[in-house]
Amino acid sequence: MRVLGIETTCDETAAAVVDSPREGEVEILSNEVLSQIAEHAPYGGVVPEIAARAHVEVLDRIVARALEKAGTKLSEIDAVAAAAGPGLIGGVIVGLTTAKALALVAGKPFIAVNHLEAHALSARLTDKIQFPYLLLLASGGHTQLLAVRGVGDYLRLGTTMDDAIGEAFDKTAKMLGLPYPGGPQVEKEAERGDPERFALPRPLAGRAEPDFSLSGLKTAVRLEAERIAPLTPTDVADLCASFQAAVVDVVVDRTRAALRVFPGKPNALVVAGGVAANQSVRRALLRLANESGLRLAAPPLSLCTDNGAMIAWAGVERLRKGLKDDMGVAPRARWPL
Ligand code: KG4
Ligand code: ZN
């Protein structure tokens, strides 16, 4: 089973071909990603209109390259999958329409994939994790703790009441004058900073419900920054380190709360989404998994952030269950799992 996957929900234009000859066997034949970071950086964040236009400009080339690198032709593909949301609607329209056109031309099934579902299933692409598992999905737009019980069977245990974790990283970075996207920048600064210099809050720590709240933490960073302004490079590094330490504590505490309310026994703790690229977050989750007697599965960095392979893989999983979509599927800005 060979599926072409297309991802355009945010600021990455991506296409990939994933081949799964039989259940339990899978190979990523190609995984092409073109980031629009340079286009958005001057604005300090993703500008939806710029994103949509950039997807239009490059998507056909990215798809062609994904097919070429996979050494395959459209006629040899078994299905075309695209992220139909949630995301920035202009970009979603571009990817979805392109995928529909390709499926129509090739006479192949079309699969509309929920972007969050693709993140949720990506651990099965790289680690062959069995259902059920606890998923921490932490990206720029989403923060959720999910019981993943099967393809299409997700139970949301907790979510954020305000900012997403990646968003908190991005906003903190912006406040401290660091370039976009903020997550990797904050992590880099934190490496040489003092995580104990600023006493920042750990919002919702100890609460039984596995929800998150991050806007208070972000505000606390702002107040500290204003108090000691003008900031030296050391101040910035210390603020980043203190912020990241608080986020890590919150992530561990909230994930532990989710393990307590998980229905039954999970087979693994899985982390996905761009924030999973953060080494401190990964290390802390590994400790939590060890102490809980669970395996931690974290997709490799290139598959944590948005990519086409996870969409193609979700397509494989859905197709195996006989789930196809018709051409009437509409793009969705919001689409909870
Ligand atoms: O999954 P993703 O590529 O796109 C969304 O669907 O949002 O996640 C991007 C988010 C951004 O907020 C980015 O700052 C964050 O993931 N991120 C990180 C790191 N790398 C990316 N956050 C913390 N540490 C990192 N190393
Ligand atoms: Zn994502």
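Residues numbered from 1 in each chain as written. Chains lettered and ligands numbered in written order. Predicted model: local features only at pLDDT ≥ 70, side-chain atom pairs only at ≥ 80, totals over all residues.

Within an unreviewed UniProt entry, the label attached to the protein chain reads tRNA N6-adenosine threonylcarbamoyltransferase, and the organism entered is Alsobacter soli. You can read under Catalytic activity (unreviewed entry) in the UniProt record for the protein chain the words "L-threonylcarbamoyladenylate + adenosine(37) in tRNA = N(6)-L-threonylcarbamoyladenosine(37) in tRNA + AMP + H(+)". Of the protein chain, the UniProt comment under Sequence similarities (unreviewed entry) reads exactly: "Belongs to the KAE1 / TsaD family." (UniProt positions renumbered as here; feature names shortened; annotations may be inferred.)

Moving on: the pairing of strand 4 (residues 79-85). Burial analysis of strand 4 places 7 of its 7 residues in the buried class, the great majority of the element. Note that strand 1 (residues 2-7) and strand 4 share 4 bridges and pair parallel. Paired with I6 across the strands is A82, a residue of strand 4. Note that strand 4 and strand 5 (residues 110-114) share 5 bridges and pair parallel. Opposite A82, over in strand 5, you have A112 as the bridge partner. As for the winding sense of the linkage, the β-α-β connection from strand 4 through helix 3 (residues 89-106) to strand 5 is right-handed. (Buried ≥ 20, exposed ≤ 12 C-beta atoms within 10 Å, placed from the backbone. Helix = DSSP H or I, 4+ residues; strand = E, 2+ residues; numbered from the N terminus. Pairing = 2+ DSSP bridges. Right-handed = clockwise from strand over helix to strand, strands pointing away.)

Before going further, it helps to spend a moment on the site of ligand 1. Neighbouring ligand 1 are 20 residues; S139, G140, G166, G183 and G274 lie closest to it. Within the residue set of the shell around ligand 1, elements represented by two or more residues are helix 5 (165-175) and helix 6 (182-191). Broken down by class, the residue content of the shell around ligand 1 amounts to 6 nonpolar, 10 polar and 4 charged. Looking at which domains feed residues into the shell around ligand 1, each of domain 1 (2-121 + 303-320) and domain 2 (132-298) gives three or more. (Near = placed C-beta within 6 Å. Nonpolar A, V, L, I, M, F, W, Y, C, P; charged D, E, K, R; others polar. Domains from an automatic or database assignment.)

Before going further, it helps to spend a moment on the confidence of the model for the protein chain. Taken as a whole, the protein chain shows an average pLDDT of 96; of its residues, 100% reach a score of 70 or greater. Per the prediction output, this complex has pTM 0.93; the corresponding ipTM is 0.98. (pLDDT = per-residue confidence, 0-100.)

The next thing to look at is the sheet that holds strand 7 (residues 143-150). Read across the sheet, 5 strands follow the order 8-7-6-9-10 without closing on themselves; strand pairing throughout is mixed. The open sheet has two free edges, formed respectively by strand 8 (153-159) and strand 10 (295-297), since each of these has just one partner strand. Here the average twist between neighbouring strands, direction ignored, is 25 degrees. (Axes fitted to C-alpha atoms, helices over the stretch in contact; angles between N-to-C directions.)

Counting 108 residues, the largest nonpolar core has A81, A82 and A312 as the members making the most contacts within it. In contact with A81, not counting residues within four places along its chain, are V3, L4, G5, A99, I111, V113, I311, A312, A314 and G315. (Core = buried A, V, L, I, M, F, W, Y, C linked by C-beta atoms within 7 Å. Contact = placed C-beta atoms within 7 Å.)

Within this numbering scheme, the UniProt entry marks H115, H119 and D306 as carrying the feature "binding site: Fe cation" (unreviewed entry). Taken together, the annotated residues stretch across 192 residues yet fold into one region, lying no more than 8.8 Å apart by C-alpha. By the element assignment, H119 lies in helix 4 (residues 115-126). Setting aside residues no more than four positions away along its own chain, H119 makes contact with L137, A272, G273 and M310. Within the secondary structure, D306 is located in the loop between helix 10 (301-304) and helix 11 (308-320). Here D306 falls in the buried class, since 27 other C-beta atoms lie within 10 Å of it. Contacts of D306, omitting those with residues within four sequence positions, involve E7, C10, E12 and A14.

A cis geometry characterises the amide bond from F131 onward to P132, with omega recorded as -10 degrees. With respect to the helices, strands and loops of the structure, P132 is situated in the loop between helix 4 and strand 6 (133-138). Omega for the bond connecting Y180 with P181 falls within 30 degrees of zero, at -5 degrees, which places this linkage in the cis form. Structurally, P181 can be placed in the loop between helix 5 and helix 6. Although it is not a glycine, K128 adopts a positive phi angle of roughly 50 degrees. Within the secondary structure layout, K128 lies in the loop between helix 4 and strand 6.

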